[in-house]
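Structural overview for review
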Amino acid sequence: MKIVIDAMGGDNAPSVTVEGAIEAVKSYDVNIILTGNQPMIENELAKYDYPREKIEIIHCSEQITNEDKPVISIRKKKDSSMVVGLKLVKENKADAIISAGNTGALLAGGLLLLGRIKGIDRPALAPVYPTTKGISVLIDGGANADCKPRNFLEFGIMGSIYAEKVIGIKKPKVCTVNIGIEEEKGSDVVKAAHNLCKDASFNFKGNVEARDIPSGYADVILCDGFTGNVILKLTEGLASSIFGLLKEEFVKNTFRKIGALLLKSGLRDFKKRFDYTEYGGAPFLGVNGVLIKAHGSSDGKAIKNAVRQAIKFVDNNIIEDITTEITSLGVDTLE
């Protein structure tokens, strides 16, 4: 298996992308292709001892930054590390691509270069969401601000397959995000989506309110990209605030400091459950290729885990399963 890593993508590239690549080839049966500035990549690789036959470099003269406009950068920066990596997947010279770079550009590149799975109207981001029961899959995490009812059905199909075959959740419960659990509540789009999902092959359980998402009530959380991104950002900010307040309280006096020391391992485990680096990245489901979007501030551990995620995605034939399910249901005929 060959996996491309956009070595120039992310806040701390190429140091963390190279570190993650090295940890991945040491841990998994995989070869890595690093796309980007060859001298910079070689300078980072020189710091490590690793199986050299497992890492290949493809030099790229350009880089897509976070300031670049997504579609324009994909079309104009054809020798960028991101575009070159996407083309390798398109030409079947690599099985998957991972990038921590410009999210909009990566999604645009996925659509323009890899295309959509036949029958999928709108591909979507599917990040994992930490809950008290473990993790759930949230789809869409930010690719589509506005959605049609059929998109929710597609998200349910793709998210359910991904949750079961990659995350390992048996018969995942699928729910739409709404302002109440009652079927008649919500916008016209959400109500129409609810009616479509009721007759779907996946394990649809109706609506879920935002307050019940952290409890793990739903294994697959369906929503438009605007709502999904708000949920993710609010949760991230709230978790950060809680950890900050706990730290502030624990250092107020000697007794609390002693208590903090006694609770240190428990607090470390608690924080780990909210650590995005444990999960690697979010797949862009619905494109005709394996595309993993890693967090912009990913470290080497996150990149390594994104590689693990990509391997499971390829090994479990997720693209083929989504294609088969969409085709069998005739989703491409829906409006």
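Structure first, text after, so check above.
Here goes a summary of the coordinates provided. (Residues numbered from 1 in each chain as written. Predicted model: local features only at pLDDT ≥ 70, side-chain atom pairs only at ≥ 80, totals over all residues. Heavy atoms only, no water.)

1. Points about the nonpolar core
Ranked by size, the top nonpolar core spans 59 residues in total, and within it Ile 3, Ile 32, Leu 34, Ile 55, Ile 139 and Val 307 carry the most contacts. The dominant element in this core, judged by the number of residues it contributes, is helix α6 (residues 149–167), at 9 residues. Not counting residues up to four positions away in its chain, the partners in contact with Ile 139 are Ala 124, Leu 125, Ala 126, Phe 155, Met 158, Gly 159, Val 220, Ile 221, Leu 222, Cys 223 and Leu 285. By size, the runner-up hydrophobic cluster in this structure holds 22 residues, among which are Ile 33, Ile 74, Leu 106 and Ala 282. (Core = buried A, V, L, I, M, F, W, Y, C linked by side-chain atoms within 4.5 Å. Buried < 20%, exposed > 50% of the residue type's maximum accessible area, 1.4 Å probe, protein only. Helix = DSSP H or I, 4+ residues; strand = E, 2+ residues; numbered from the N terminus. Contact = heavy atoms within 4.5 Å.)

2. Remarks on the side chain of Asp 140
Its place among the elements puts Asp 140 in the loop between β7 (134–139) and α6. Although Asp 140 lies buried, it forms no salt bridge, and the closest oppositely charged side chain, Arg 122, sits 7.7 Å away as judged by the N-O distance. A polar side-chain atom of Asp 140 sits 2.6 Å from the main-chain amide nitrogen of Asn 144. Sequence-distant contacts of Asp 140, that is, excluding residues within four places in its chain, are made with Ala 124, Leu 125, Phe 155, Cys 223, Asp 224, Gly 225 and Gly 228. (Lys, Arg positive; Asp, Glu negative; His and termini not counted. Salt bridge = Lys/Arg side-chain N within 4 Å of Asp/Glu carboxyl O. Polar contact = N/O pair within 3.5 Å; in protein donor to acceptor, adjacent residues only side chain to side chain.)

3. Quick notes on the pairing of strand β6 (residues 128–131)
Of the two faces of β6, the one carrying Val 128 and Pro 130 and the one carrying Tyr 129 and Thr 131 are both buried. Pairing geometry for β6 and β7, over 4 bridges, is antiparallel. Directly across from Tyr 129, in β7, lies its bridge partner Ser 136. Between β6 and the antiparallel strand that follows it, β7, lie 2 residues. (Pairing = 2+ DSSP bridges.)

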